[in-house]
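# Examining the three-dimensional arrangement
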Amino acid sequence: MISTEILVKEFANVFTSLTKAVQKTALSVQQPENSDSTALVFISKPQHLEQVRKNPPAILILKRPLQNPLPDSSSTAVFECKDLSQAMHAILPYFDWKKDLQTTSQKVMVDIHPSAEIGKNVEIGSFSVIGPNVKIGEGCRIGSNVTVLAESSIGKNTILHPHVYVGARSIIGDCCEIFPFVSIAADGFGYFKDADNKYQKIPQIGKVVLENHVRIGANTTVDRATFFETRIGEGTKIDDHCHIGHNSKIGKNCVLAGGTMLSGSTVLGDRIICGGATLIGDHAEIVDDVLLVSRAVVTNSITEKGAYANYPLEPMKDAHRTLANTRHLTQMRRDIKAMQKKLGLDSET
């Protein structure tokens, strides 16, 4: 098995030499069926080798072991690896053209408060607002139309894509990435009903803390806490269109797929995985190493690690039984109706 470090080092050398060999024609990542002499192709299935054998790529990265013979081409650089996802993680940054489109040649109407502290090599796009006493670490990239309000801090090498909102007193760690139209530290949803049955707002005076290496997808909201903090742990990845309610705490290295919704004061342990459209009720606490299958609904705390599904929530093995039984309900209903008729019973009884 080739380690990630060796793969990156060798790939860098091959990438440079092959780019020169094709007269600076840009190499591109392609599917096996679109392979040609300027392509990089990832392959995990033996049948895909037949496609690249007809038009050998410049670089071929294989998930080992593959039994079929490799393409017979001296112009193809071949790498083998055990984990194709790890190889993609190491190599695809060479092809990430989006990084070149983050900034513009001229900055228009950038409003940076005199008290703000901006680190070295920070890029700030047009129409962005940086409030009083904000601290932005070195190497950060702030897109256009971004708002960072008073006394917030952003760690080193963090990326805020265009149209991100960061409310006052937020803390964002190093190497985070926040995608467009994310709201960090808008007020939490806190109200009470007075004697006249009118809803009155409870001031939300807490903050939001994102630890290092947190990723938050587009159109997601993370509400500020009522008193203290809403916290997202190091290495956690949150997909698009999610909601993190006020006072919630998410542990380290969790993954929340699209549409996951956390009510207020929810506590998630480390390494939690939430499938798409998972719903978690307020004040629920979930221990480490829990998998919630897509569209699971959590209304009470989960105290034992494992996989869970459905509403009402049940362990995965029980969920499989429930699904199997559900398929028989129509026939069971017909059988019961036939029995009632045969016995001369009223179907309403």
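In the block above lies the structure referred to throughout.
Read on for a plain summary of the structure.

Rules behind the numbers
Residues numbered from 1 in each chain as written. Predicted model: local features only at pLDDT ≥ 70, side-chain atom pairs only at ≥ 80, totals over all residues. Heavy atoms only, no water. Helix = DSSP H or I, 4+ residues; strand = E, 2+ residues; numbered from the N terminus. Buried < 20%, exposed > 50% of the residue type's maximum accessible area, 1.4 Å probe, protein only. Contact = heavy atoms within 4.5 Å. Areas by Shrake-Rupley, 256 points an atom, 1.4 Å probe, with all protein chains shown as cover. 1 Å grid on protein atoms, 1.4 Å probe; cavity = no way out; pocket = protein on both sides within 12 Å on 5 of 7 lines; lining within 4 Å. Points joined across faces, edges and corners; volume = space filled by probe spheres on them. Nonpolar A, V, L, I, M, F, W, Y, C, P; charged D, E, K, R; others polar. Pairing = 2+ DSSP bridges. Phe/Tyr/Trp six-rings, centres within 6.5 Å; stacked < 30°, edge-to-face > 60°. Polar contact = N/O pair within 3.5 Å; in protein donor to acceptor, adjacent residues only side chain to side chain.

With that out of the way, let us pick up the overall build of the protein chain. Scanning the protein chain from N- to C-terminus turns up five helices and 36 strands. For the protein chain, the proportion of its 349 residues judged to be buried stands at 38%. Taking as baseline every contact in the protein chain between residues at least 6 positions apart, the subset at least 24 positions apart corresponds to 17%. When the accessible surface of the protein chain is totalled, it reaches about 19900 Å², and 53% of it is carbon and sulfur.

Looking now at the layout of surface pockets. Counted as a void, the second largest pocket has a volume near 150 Å³. Surrounding the second largest pocket, V293, S294, R295, A296, A309, N310, M316, A319, H320, T322 and L323 form its lining. When residues in the lining of the second largest pocket are grouped by element, the largest group, five residues, is from helix 4 (residues 316–326). The residue makeup of the lining of the second largest pocket, split by class, is six nonpolar, four polar and one charged.

Right, let's talk about the sheet that holds strand 24 (residues 237–238) for a bit. Strand order in this open sheet of eleven strands is 7-10-13-16-21-24-27-30-33-35-36, and the pairing throughout is mixed. Of all the strands in the sheet, just strand 7 (123–124) and strand 36 (314–315) have a single pairing partner and so form its edges. In the sheet, strand 33 (residues 290–292) pairs with strand 35 (residues 306–309) via three bridges, with the strands oriented parallel. By the bridge assignment, V290 is partnered in strand 35 with G306.

Taken together, the two bridges between strand 35 and strand 36 define a ladder with antiparallel strand orientation. In the sheet register, Y308 faces strand 36, and the bridge partner there is P315. Connecting strand 35 to the next strand, strand 36, in antiparallel fashion are four residues, including N310 with a positive phi near 75°.

So, about the environment of I238. Relative to the helices and strands, I238 resides in strand 24. C-alpha separation for the pair I238 and C274, spaced 36 residues apart in sequence, amounts to 9.6 Å. Beyond its immediate chain neighbours, meaning those up to four positions away, I238 contacts R215, I216, G217, T220, I232, I244, I250 and L256.

A few words on the packing of aromatic side chains. If you walk through the whole model with that rule in mind, you get two aromatic pairs. Between F189 and Y191, the ring centres sit 5.3 Å apart and the planes meet at 65°, which makes this aromatic pair edge-to-face. For F189, a relative accessible area of 69% corresponds to the exposed category.

Moving on, we get to the side chain of T230. Examined against the element boundaries, T230 turns out to sit in strand 23 (residues 229–232). With relative accessibility at 0%, the residue T230 sits in the buried group. Within the structure, the side chain of T230 is placed 2.8 Å from the backbone oxygen of D223, a separation counted as a polar contact.

With respect to the secondary-structure elements, L40 resides in strand 2 (residues 39–43). Sequence spacing of L40 and I61 is 21 residues, and the spatial spacing of their C-alpha atoms is 7.8 Å. Here L40 is in contact with F11, S28, V29, Q30, I59, I61, I91 and F95, once residues within four sequence places are set aside.

Strand 3 (residues 59–63) sits mainly inside the fold: four of its five residues count as buried. The sheet contact formed by strand 2 and strand 3 spans four bridges and is parallel. Bridge pairing links L40 to I59 in strand 3. Relative to strand 4 (residues 77–81), strand 3 is paired through five bridges, and the arrangement is parallel. Of the residues in strand 4, the one forming a bridge with K63 is C81.

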